[in-house]
Amino acid sequence: MRTQVAIIGAGPSGLLLGQLLHQAGIANLVIELRSRAYVLERIRAGVLEEGTMRLLREAGAGQRMDLEGIADEGIVLAFDGERRRIDLPTYAEGQRVLVYGQTELTRDLMQVRDAAGLPTYYEVPDVAIHDATTDHPWLSFTLNGASVRLDCDYIAGCDGFRGISRQSIPPTARREYEKVYPFGWLGLLADTPPVSREIVYAAHERGFALCSMRSLARSRYYLEVPLNETVDNWPDQRFWDELRRRLPEPYASELVTGPALEKSIASLRSFVVEPMQYGRLFLVGDAAHIVPPTGAKGLNLAASDVHYLRSILAKVYHQGRHDLLASYSALALDRIWKAERFSWWMTSMLHRLASDNPFDARIQRAEFDYFTTTEEGRRAIARNYVGLPLRAID
Ligand code: RFL
Ligand code: PHB
């Protein structure tokens, strides 16, 4: 088999990249370890930046997003019962964000890929990368029980944090930066009306809580929990009681509860690998970096990597600009490190830290006051939250 760009992973990075390359006239094939249903069942991100929305529209996958997504013009930050709203358009040059579930976005991308008749292989084990530093890289994998060789010009490693792409780069050719937080997020999805039309980030002495949504009839809530917690310890009633204790008024009294459709615990991590390329292998999205979900940046960073890689590849194929290939990692990392900083900072300000030192708690409070009450503080939060600009490639 042969294609121009072999894409490993059918998450948002792989599917978006595949569609945008196709529109630039570049052939590609997507290979995914899991089944289509499994990929669609993962409940993850919910907040899209305007740059991400533009890319999805460009990929022809923006129709349902534009109809069903919930535009969010503000976020609410709370600290021990006190609420402060940050108006996004006021402080971020008219920009806002859109609440639209990653599950829906993935479904839309799968549909446009199917409609364009582009090849995606699901449930493919044993993917391995070969000859990445030569002009003739290739993949091997098992398809319907048979060993297959896929020759290509370039490989996009879009296989998430636990994929094989990053691991295929020799340890001497990469450097990893990591911070693991001593808490996780317990998430709950329920068919109840969201307690607030805008996302609420609430710091509380019992731990952080987040109120989000998937639609005006479906809520998504999170609670900070110790790392060793298990979902079994959290029957629905305990979750709702704890959430109510951590939320400020009027949310605490207005919270509508109901049976959980899904409950899961995610650990929190900051991670970056440098560089994000090795010969003709390019890492995209979670394969190269992870942020704690507090800034809602993970999926949006994946989209910005896609923007840089497809812009470069389009110029390589259509204008012979091979010189641009070497610039991918540096271009992507510039934006990634700024989003890493913002996500780390939001996480540190709003979570009950491992430290029991009352000094740290006072610093968190002072930070919250400074950033939510001053013009420059609000501007810093809003501009980072709606997403820093994507650079054009020339
Ligand atoms: P994914 O989504 O992990 O997809 C990778 C795909 O690769 C497949 N794969 C392989 N395929 C072939 N061969 C192999 N050996 C393979 N190994 C793995 C996997 O099966 C999978 O299908 O990575 P991608 O595409 O880079 O997308 C990244 C996003 O999914 C991620 O950044 C976000 O979900 C992060 N995130 C959030 N991001 C936001 O922008 N806004 C948010 O509000 C937000 N909230 C969140 C989040 C992540 C969360 N969790 C659970 C980690 C909230 C949570 C709770
Ligand atoms: C979500 O809706 O799942 C969500 C929203 C905002 C975040 C993280 C997750 O910061």
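Now for a look at the structure at hand. Residue numbering note: each chain is counted from 1, following its sequence as written. Think of it this way: whatever chain is written first is A, whatever ligand is written first is 1, and the rest follow in order. Per-residue local features are limited, in this predicted model, to residues with pLDDT of at least 70; the limit for side-chain atom pairs, both in listing and counting, is 80 or more; totals at the level of whole chains, interfaces and linings are taken over all residues. Calculated side-chain values reflect all of the structure's heavy atoms, with hydrogen atoms and water omitted.

## Some details on the side chain of Glu 49
In this text, helices come from DSSP runs of H or I with a minimum length of four residues, and strands from runs of E with a minimum of two, each type numbered from the N-terminal end. Its location among the elements puts Glu 49 in the loop between strand 3 (47-48) and helix 3 (50-58). Residue class for Glu 49 comes out buried when judged on its relative accessible area of 4%. A distance of 2.8 Å separates polar atoms of two side chains, one belonging to Glu 49 and the other to Lys 297. Any two residues having at least one pair of non-hydrogen atoms within 4.5 Å are treated as being in contact. For Glu 49, the contacting residues outside a window of four places in its chain are Lys 297, Asn 300, Arg 335, Tyr 385, Val 386 and Gly 387. When accessible area is computed with a 1.4 Å probe and restricted to protein chains, residues below 20% of their type maximum are described as buried, those above 50% as exposed, and intermediate ones as partly exposed. Polar contact is defined as a pair of N or O atoms within 3.5 Å, subject to the rule that within protein one atom must be able to donate a hydrogen and the other to accept it, and that residues adjacent in sequence are counted only when both atoms are side-chain atoms.

## Looking at the packing of aromatic side chains
The aromatic pairing rule takes the rings of Phe, Tyr and Trp, using the six-membered ring of Trp, and pairs them if the centres are within 6.5 Å, calling planes under 30 degrees apart stacked, those over 60 edge-to-face and the rest tilted. Scanning all chains against the criterion turns up 16 aromatic pairs. Geometrically, the ring pair formed by Tyr 177 and Trp 337 is edge-to-face, given 5.6 Å between the ring centres and 85 degrees between the ring planes. With Tyr 177 in strand 13 (residues 175-190) and Trp 337 in helix 10 (residues 328-350), this residue pair connects regions lying 160 residues apart in the sequence. Using a relative accessible area of 27% as the deciding quantity, one classes Tyr 177 as partly exposed. Aromatic side chains Phe 282 and Tyr 328 sit 5.6 Å apart centroid to centroid with 80 degrees between the ring planes, which places their arrangement in the edge-to-face category. Here Tyr 328 lies in helix 10 and Phe 282 lies in strand 19 (residues 281-283), a separation of 46 residues in the sequence. Owing to a relative accessible area of 2%, Phe 282 belongs among the buried residues under this scheme. Aromatic rings pair up to connect Trp 185, Tyr 201, Phe 208, Tyr 222 and Tyr 385 into one cluster. Its end group placed over the ring of Tyr 38, Arg 34 keeps NZ or CZ at 4.3 Å from the ring centre. Directly above the aromatic system of Tyr 385 lies the positively charged group of Lys 297, at a separation of 5.5 Å from the ring centroid. Remark: a charge is flagged as sitting over a ring if the NZ atom of Lys or the CZ atom of Arg is within 6 Å of the ring centre and within 35 degrees of the ring normal.

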